There are 2 protein chains.
Amino acid sequence: MIDYRRLRVALLGAGAVGSQVADLLLTHSAELADRAGAELELAGIAVRDVHAPRDVELPAELLTTDAETLIVGSDIVIELMGGIEPARGYILQAINSGADVVTANKALLATHGVEIFDAADQVGASVYYEAAAAGAIPIIRPLRDSLAGDRVQRIMGIVNGTTNYILDRMDTEGAEMADVLADAQRLGYAEADPTADIEGYDAAQKAAILASLAFHTTVPLQAVHREGITSVTKSMMDAARHAGYVIKLLAVCERLTGRGDDPAAEAISVRVYPALVARSHPLASVHGVNNAVFVQAEAAGDLMFYGAGAGGVQTASAVLGDVVSAARRHIAGGVGVGESTRAGLPTVDIGQVVTRYQITLEVRDRPGVLARVAGILSEGHVSIATVEQSQQPAAGEAGTGFARLVIGTHKALEQDLSETVTRLAADDVVERVVSVLRVEGD
Amino acid sequence: MIDYRRLRVALLGAGAVGSQVADLLLTHSAELADRAGAELELAGIAVRDVHAPRDVELPAELLTTDAETLIVGSDIVIELMGGIEPARGYILQAINSGADVVTANKALLATHGVEIFDAADQVGASVYYEAAAAGAIPIIRPLRDSLAGDRVQRIMGIVNGTTNYILDRMDTEGAEMADVLADAQRLGYAEADPTADIEGYDAAQKAAILASLAFHTTVPLQAVHREGITSVTKSMMDAARHAGYVIKLLAVCERLTGRGDDPAAEAISVRVYPALVARSHPLASVHGVNNAVFVQAEAAGDLMFYGAGAGGVQTASAVLGDVVSAARRHIAGGVGVGESTRAGLPTVDIGQVVTRYQITLEVRDRPGVLARVAGILSEGHVSIATVEQSQQPAAGEAGTGFARLVIGTHKALEQDLSETVTRLAADDVVERVVSVLRVEGD
């Protein structure tokens, strides 16, 4: 039996993740001590209501409503309360009292990360947040450490389990979004108020964190372009499948080179939107609530990290990995290694992004329409790669007078594309712009 | 312009990986300094012959044949010579002179890892080896740090690109191994002497490293059961495809619970062999020279890490990530965090492993044969899950007098299975044991 140094651990929050973290800390204490080289003493668990029902039974004597007192004298503070305040205040208190911090709070890091990391740098503390980026998938250390000598060109991530579950079932079952969402809520995969997930807020927070790490640049949440999945319909899903694609909500973080007059000037784009992904792309095979982060680096080439993006016990695994790392650092001595943000790349507006698009139009079924549409695209500097005319009336049916045009473009500037779509929508021959989707990953 | 502290970096070896590392250190020096918080000064490159031709042109004034002198006064020593000696001696010299070490030398770590890690612990140095486990795929930090608070149950890795390339082409093209191997050698995917790859030695070294990390236990190379792919034939490949499987060379690292009389006693099994993997398993989609490591952990669930397993520039990415980590540690101060091996789990012999099997027999085509075969299996404690009789003569053809039986078993003890196969082979009704393959991943 080794006589380990004892480290005092304070846990803030005992929800789905927090209660699992507490349980694992208590039941695996001997094993964790061997791993960390230090005994991890759970000093207390700060909660709003000590009598609230919990997923896991926790020792009553550890529960307290007084987080501030609990933090005093702690070596490691685990923040799993979520939200901005009081989490921010407690984390700053912990850092300033010399503790290392472990957090899964993506909303807080995406909005107040700079303040928190700066505070940690000032005192030589460390902030660990593996669980804030892609749940149980280890992605922080690969980006921050393993790829620190490489240049990340692009990240495409499926980082929200709820929306992937919804889109996957719409794809595989041909279901309507409303029905799948109701199911997801019943199964606990979606919140009663699903806004944060289906409007892409959760994915945007994670995108900001991933981009900051990948490009060694502070990326504020406001710099992330965000579109949710509510515009995705069953018929868009069906059309995508027909064309060899699947629609996924992607967090795309991209390095752009050769901006403006300087061919060496670099910038980054960070964006969240539903996009067409080719069936043959590894991301197309990510089903259900699973997450995956696809990384393209200059030297390492293509990498993919796959796993559970959420779930109490899964996320607890990531949190405990951070706790062990924090403990090892305490034992090893030295100051914390701060975030690497010196690249300081500017972020560009969505209008400056270059991707391929698929535009679906309902047009009048009469001669000269295709020439007219092609002319508008050409004037707008949008080059056509493929055109398919579909949904013509079957033989024997009465014509509706409309046809559907599915146009795949070559790479185009979003600003050009957007202006062109506006002109298309206003043109006589176009009845309706059915959908405009970006194509990613090829 | 920040005035960074300067760290002296010595590079040993300038082969496919080493020359790329040197090139990236020189061309990306400003960017690497920003990432590391220290200037990485490449002090010299030790080679056997300063005039030898190289993949990348390197400054002549950096080349030296005197590694020992180069190491003196270095902060970080990168060992990319390969082989046991003199690499081992140089690494120990570097550690004892206070340097941190970065190495991609899997053969050395799998055989002399304990000596090297102990030497580093003695002086508080760190040894980094991301490139030694799965090339460019970041797997060391996820196992050592991210999953340090979890319990890994099993790893299944495709960790050798050469054999995956060969098996993949045999599968997708129905090709013969000899033809594909010749192609692989022409393309540079296989060595002129392919023994280390196709006999599984390379995979076994990586398996020992992965198992050591995953189970916090020193796993000596001798404890790894190793079988290569030379026994895999085109007809085995075809039969596997027909049955919904693909044959992959897997490195399997498994935690076994409930050994002997103690239900809580744990042990580990580490083994490399060609195995049947269901087509629906994520590992079945790993094509060409790519690698992937599939990890099952108690809390985190299923994770997969995918990417390039080899290649000079890809592996250089992993090496440089380690160099940046070493530099950050130098700047942060503190001692190196040693390997976590205190779990000290025993490794079991292959005979104690429990898996499913697929046994293919050529049997005499006469009544009572199946009953006889089933009887032998039952006596040997091997339970049958499925039986398929195939390759019977087509209508109109003359019978050969033989039929083929493909038997899928339930989970069985390898020792029981092995004894049973010996009895089957000796029995009158069995003409030939065509193949015995383990089934992994379900």
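Residues numbered from 1 in each chain as written. Chains lettered and ligands numbered in written order. Predicted model: local features only at pLDDT ≥ 70, side-chain atom pairs only at ≥ 80, totals over all residues. Heavy atoms only, no water.

Draft legend 1. Inspection of the relation of the copies chain B and chain A at higher detail. Overlaying chain B with chain A gives an RMSD of 0.1 Å, the required rotation being 180° about an axis along which the chain moves by 0.0 Å. Here the transformation between the copies is reduced to the relation of a two-fold axis. In terms of C-alpha distance to the rotation axis, chain B has G334 of chain B as its closest residue, with the C-alpha 1.9 Å off the axis. (Least-squares fit on C-alpha atoms with pLDDT ≥ 70 in both.)

Draft legend 2. The arrangement of a nonpolar patch on the surface in detail. All names here are of chain A. Residues L187, Y189 and V289 make up a contiguous nonpolar surface patch of roughly 260 Å² in combined accessible area. Within the secondary structure, Y189 is located in the loop between helix 9 (177–187) and helix 10 (195–198). What makes Y189 partly exposed here is its relative accessible area of 37%. (Patch = residues over 30% accessible without salt bridge, like charges linked within 9 Å, V, L, I, M, F, W, Y side chains within 5 Å. Areas by Shrake-Rupley, 256 points an atom, 1.4 Å probe, with all protein chains shown as cover. Salt bridge = Lys/Arg side-chain N within 4 Å of Asp/Glu carboxyl O. Helix = DSSP H or I, 4+ residues; strand = E, 2+ residues; numbered from the N terminus. Buried < 20%, exposed > 50% of the residue type's maximum accessible area, 1.4 Å probe, protein only.)

Draft legend 3. Local environment of the domain arrangement of chain A. Residue and element names in this part refer to chain A. Each assigned domain of chain A is listed with its residue range as follows: domain 1 (6–134 + 313–332), domain 2 (140–309) and domain 3 (353–440). With 17 residues of domain 1 at the interface, the matching set in domain 2 holds 16 residues. For the pair domain 1 and domain 2, the two sides together bury roughly 1,400 Å², of which 61% comes from carbon and sulfur. Put simply, domain 1 and domain 2 have 3 salt bridges between them. At the junction of domain 1 with domain 2, the criterion picks out 5 residue pairs in polar contact (both at pLDDT 80 or more). Counting residues per element, the ones that place at least two in the side of domain 1 that touches domain 2 are helix 5 (106–123), strand 6 (127–128), helix 6 (131–134) and helix 13 (312–332). Per-element accounting of the side of domain 1 that touches domain 2 gives the leading share, 6 residues, to helix 5. Here the side of domain 1 that touches domain 2 is composed, by residue class, of 10 nonpolar, 4 polar and 3 charged. (Domains from an automatic or database assignment. Contact = heavy atoms within 4.5 Å. Buried area = accessible area lost by both parts, 1.4 Å probe. Polar contact = N/O pair within 3.5 Å; in protein donor to acceptor, adjacent residues only side chain to side chain. Nonpolar A, V, L, I, M, F, W, Y, C, P; charged D, E, K, R; others polar.)

Draft legend 4. Spotlight on the packing of helix 4 (residues 87–96) of chain A against helix 5 of chain A. Residue and element names in this part refer to chain A. With their axes 9 Å apart at the nearest point, helix 4 and helix 5 run at an angle of 15° to one another. When the axis of helix 4 is compared with that of helix 5, the two are roughly parallel. In the crossing of helix 4 with helix 5, the sense of the turn from one axis to the other is right-handed. Facing A87, R88, I91, L92, I95 and N96 of helix 4, the residues of helix 5 in contact are L108, H112, E115, I116, A119, A120 and V123. Looking at the contact of helix 4 with helix 5 residue by residue, the classes come out as 9 nonpolar, 2 polar and 2 charged. (Axes fitted to C-alpha atoms, helices over the stretch in contact; angles between N-to-C directions. Parallel < 35°, antiparallel > 145°, perpendicular 65-115°, else oblique. Left-handed = near helix turned anticlockwise from the far one by under 90°.)

Draft legend 5. Region of interest: the interface of chain B and chain A. Taken together, the contact pairs 51 residues of chain B with 51 residues of chain A. Roughly 4,200 Å² is buried in total at the junction of chain B and chain A, and carbon and sulfur atoms are behind 56% of that figure. Among the residues of chain B in contact with chain A, R35, R328 and R342 of chain B are the three that bury the most area, contributing 16% of the side total. Across the contact surface, chain B and chain A share 4 salt bridges. The residue E31 of chain B makes a salt bridge to R151 of chain A at a minimum N-O spacing of 2.9 Å. Between the two partners, chain B and chain A, sit 21 residue pairs in polar contact (both at pLDDT 80 or more). For the side of chain B that touches chain A, the elements supplying multiple residues, two or more each, are helix 2 (29–36), helix 7 (140–146), strand 12 (301–308) and helix 13 (312–332) of chain B. Counting residues per element, the side of chain B that touches chain A draws most heavily on helix 13 of chain B, which supplies 9 residues. By residue class, the composition of the side of chain B that touches chain A is 24 nonpolar, 13 polar and 14 charged.

Draft legend 6. Main features of the sheet that holds strand 2 (residues 39–46) of chain A. Residue and element names in this part refer to chain A. Read from one edge to the other, the open sheet built from 6 strands follows the order 3-2-1-4-5-6, with strand pairing classed as parallel. Either end of the sheet is taken by a strand with one partner, and the two such strands are strand 3 (63–64) and strand 6. Direction of pairing for strand 1 (residues 6–12) relative to strand 4 (residues 76–79): parallel, over a ladder of 4 bridges. Paired with L12 across the bridge in strand 4 is E79. Sheet contacts for helix 4: strand 1, strand 4, strand 5 (100–103) and strand 6; angle to strand 5, the most-contacted strand, approximately 150°. (Pairing = 2+ DSSP bridges.)

Draft legend 7. Representation of the packing of helix 1 (residues 16–27) of chain A against helix 13 of chain A within the structure. Residues and elements named next belong to chain A. At a closest axis distance of 8 Å, the pairing of helix 1 and helix 13 adopts a crossing angle of 60°. The angle between helix 1 and helix 13 falls in the class oblique. The two elements helix 1 and helix 13 meet at a crossing, and its hand is right-handed. Of helix 13, the residues touching helix 1 (which contributes A16, V17, Q20, V21, L24 and L25) are G312, V313, T315, A316, V319 and L320.

Draft legend 8. Focus on the pattern of salt bridges. All chains considered together, the criterion is met by 62 salt bridges over all chains. The salt bridge involving E39 of chain B is made with R6 of chain B; its shortest N-O contact spans 3.4 Å. With E39 of chain B in strand 2 (residues 38–46) and R6 of chain B in strand 1 (residues 5–12), the pair connects residues that are 33 residues apart, well separated along the chain. Linking E414 of chain B and R438 of chain B is a salt bridge whose minimum nitrogen-to-oxygen distance equals 2.7 Å. Taken together, the residues E414 of chain B in helix 15 (residues 414–426) and R438 of chain B in strand 17 (residues 430–440) connect sequence positions 24 residues apart. One network of salt bridges, in which partners are shared, links E31 and R35 of chain A together with R151, R255, E266 and E298 of chain B.

Draft legend 9. Representation of helix 1 of chain A in the model. Between its first and last C-alpha, helix 1 of chain A extends 17 Å over 12 residues, near the 16 Å set by a 1.5 Å rise per residue. Within helix 1 of chain A the residues assigned to the buried category are V17, G18, S19, Q20, V21, A22, L24 and L25 of chain A. (Expected span 1.5 Å × (residues − 1).)

Draft legend 10. Summary view of the sheet that holds strand 2 of chain B. All names here are of chain B. Taken together, the 6 strands give an open sheet; going across it, the order is 3-2-1-4-5-6, and neighbouring strands pair in parallel fashion. Either end of the sheet is taken by a strand with one partner, and the two such strands are strand 3 (63–64) and strand 6 (127–128). Alignment of strand 1 against strand 4 (residues 76–79), held across 4 bridges, turns out to be parallel. Sheet strands touched by helix 4 (residues 87–96): strand 1, strand 4, strand 5 (100–103) and strand 6. Its angle to strand 5, the strand with the most contacts, is close to 150°.

Draft legend 11. Quick peek at helix 4 of chain A. Residues of helix 4 of chain A that are buried: A87, Y90, I91, L92, A94 and I95 of chain A. Positioned one or two residues after helix 4 of chain A, G98 of chain A has a phi angle of 95°, which is positive.

Draft legend 12. Expanded view of the pairing of strand 12 (residues 301–308) of chain A. For strand 12 of chain A, a buried count of 6 out of 8 residues is recorded, marking the element as mostly surrounded by other parts of the structure. Here strand 11 (residues 290–297) of chain A pairs with strand 12 of chain A via 8 bridges, running antiparallel. When the bridges of strand 12 of chain A are listed, V295 of chain A appears paired with L303 of chain A. Here strand 12 of chain A pairs with strand 12 of chain B via 3 bridges, running antiparallel. When the bridges of strand 12 of chain B are listed, F305 of chain A appears paired with F305 of chain B.

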